[in-house]
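Architecture and fold: a report
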Amino acid sequence: MATPAVSPSDANGKPAAAGGGQTSAKEQVLLDKIRQLKAPRWKSFGSCRYDWSAWRVAEGGVRTTTSICGAPEVTSKVAVHCETLRVSHQGAQGAWGEWRLPLSQEESKSQGGEDLMVAHLCANAKPIPATPAAPAASPAKGSASAPRTKTP
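Note that the structure is a prediction, hence the values are computed from the model and not measured.

Going from A71 to P72, the amide bond is cis rather than trans, its omega being 5 degrees. Inspection of the secondary structure puts P72 in the loop between β4 (62-69) and β5 (74-81). Phi is positive for L85, which is not a glycine, with a value near 55 degrees.

See below:
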């Protein structure tokens, strides 16, 4: 009976890197990608869950995803602007609400925990690549696109 091959390990019992050296930058990028793919899709903060794998970046650095909050559960879109630490929610009719500071669990039973979500998202968000400015068409009133940011 053949003995299965055993990977070499270091003194601590951890698998050794191929070739006995450090992990290359290219390997590290792939390892990070694998870990992201294994991460749970939904993350909970307070009484809300956020679709963490579906964050999208829109005009002005606004990040959007789906949220499910409260009891009974209400599903909506949430927008976060990390530069100003503001949030906005899309209502049932598709219109975005005003930008406001995120709510803590002490401030709201239905949306509390937004402060934790914003802190986690913005502290770990990758920088937005610079792109040349293009003229932007104004969305129609009630548009489903992300809300525009205003300096508070």
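Further remarks concern the pairing of β5. In this structure, β4 lies alongside β5, joined through 8 bridges in antiparallel fashion. By the bridge assignment, T65 is partnered in β5 with V78. Where β4 hands over to β5, the hairpin turn is made up of 4 residues, of which G70 adopts a positive phi near 75 degrees. Taken together, the 4 bridges between β5 and strand β6 (residues 86-89) define a ladder with antiparallel strand orientation. Bridge pairing in β6 places A79 opposite S88. Connecting β5 to the antiparallel partner β6 that follows it, the hairpin turn spans 4 residues, and L85 within it adopts a positive phi of roughly 55 degrees.

What follows deals with the state of the cysteines. Enumeration over the complete set of coordinates arrives at 2 disulfides. Shown here is the disulfide that connects C48 with C69, its sulfur atoms set 2.0 Å apart. Taking the torsion about the S-S bond as the criterion, the C48 to C69 disulfide, at about 120 degrees, is right-handed. Separated by 21 residues along the polypeptide, C48 in strand β2 (residues 48-51) and C69 in strand β4 bring together distant segments of the chain. Between C82 and C122 runs a disulfide, and the two sulfur atoms are separated by 2.1 Å.

Take C69: its relative accessible area is 8%, and that puts it in the buried class. Expressed as a C-alpha distance, the spacing of C69 and Y50, which sit 19 residues apart in the sequence, is 8.7 Å. Other than its neighbours up to four places away in sequence, C69 contacts S47, C48, V74 and S110.

A word on helix α1 (residues 25-38). In an α-helix, one turn spans 3.6 residues; hence positions three or four apart end up facing the same way. Between its first and last C-alpha atoms α1 spans 20 Å; for 14 residues at 1.5 Å apiece the expected length is 20 Å, and the two agree. A small share of α1 lies buried, amounting to 0 of its 14 residues.

What follows covers the side chain of S88. You can see S88 is positioned in strand β6. Of the residues examined, S88 reaches a relative accessible area of 1% and is grouped as buried. A polar atom in the side chain of S88 sits 2.8 Å from the backbone oxygen of G97.

In the structure shown here, the tally under the stated rule is 3 aromatic pairs. Measuring from ring centre to ring centre gives 6.1 Å for F45 and Y50, while their planes differ by 55 degrees; the resulting arrangement is tilted. The residues F45 and Y50 share a single accessibility class, namely buried. Measuring from centroid to centroid gives 5.6 Å for F45 and W52, while their planes differ by 40 degrees, and the two rings are tilted. We classify F45 as buried; its relative accessible area is 12%. Overall, the relative accessible area of 17% leaves W52 in the buried class. Taken together through their ring pairs, the aromatic side chains of F45, Y50, W52 and W55 make up a single cluster.

Rules used throughout
- Residues numbered from 1 in each chain as written.
- Predicted model: local features only at pLDDT ≥ 70, side-chain atom pairs only at ≥ 80, totals over all residues.
- Heavy atoms only, no water.
- Helix = DSSP H or I, 4+ residues; strand = E, 2+ residues; numbered from the N terminus.
- Pairing = 2+ DSSP bridges.
- Disulfide = S-S within 2.5 Å.
- Buried < 20%, exposed > 50% of the residue type's maximum accessible area, 1.4 Å probe, protein only.
- Contact = heavy atoms within 4.5 Å.
- Expected span 1.5 Å × (residues − 1).
- Polar contact = N/O pair within 3.5 Å; in protein donor to acceptor, adjacent residues only side chain to side chain.
- Phe/Tyr/Trp six-rings, centres within 6.5 Å; stacked < 30°, edge-to-face > 60°.

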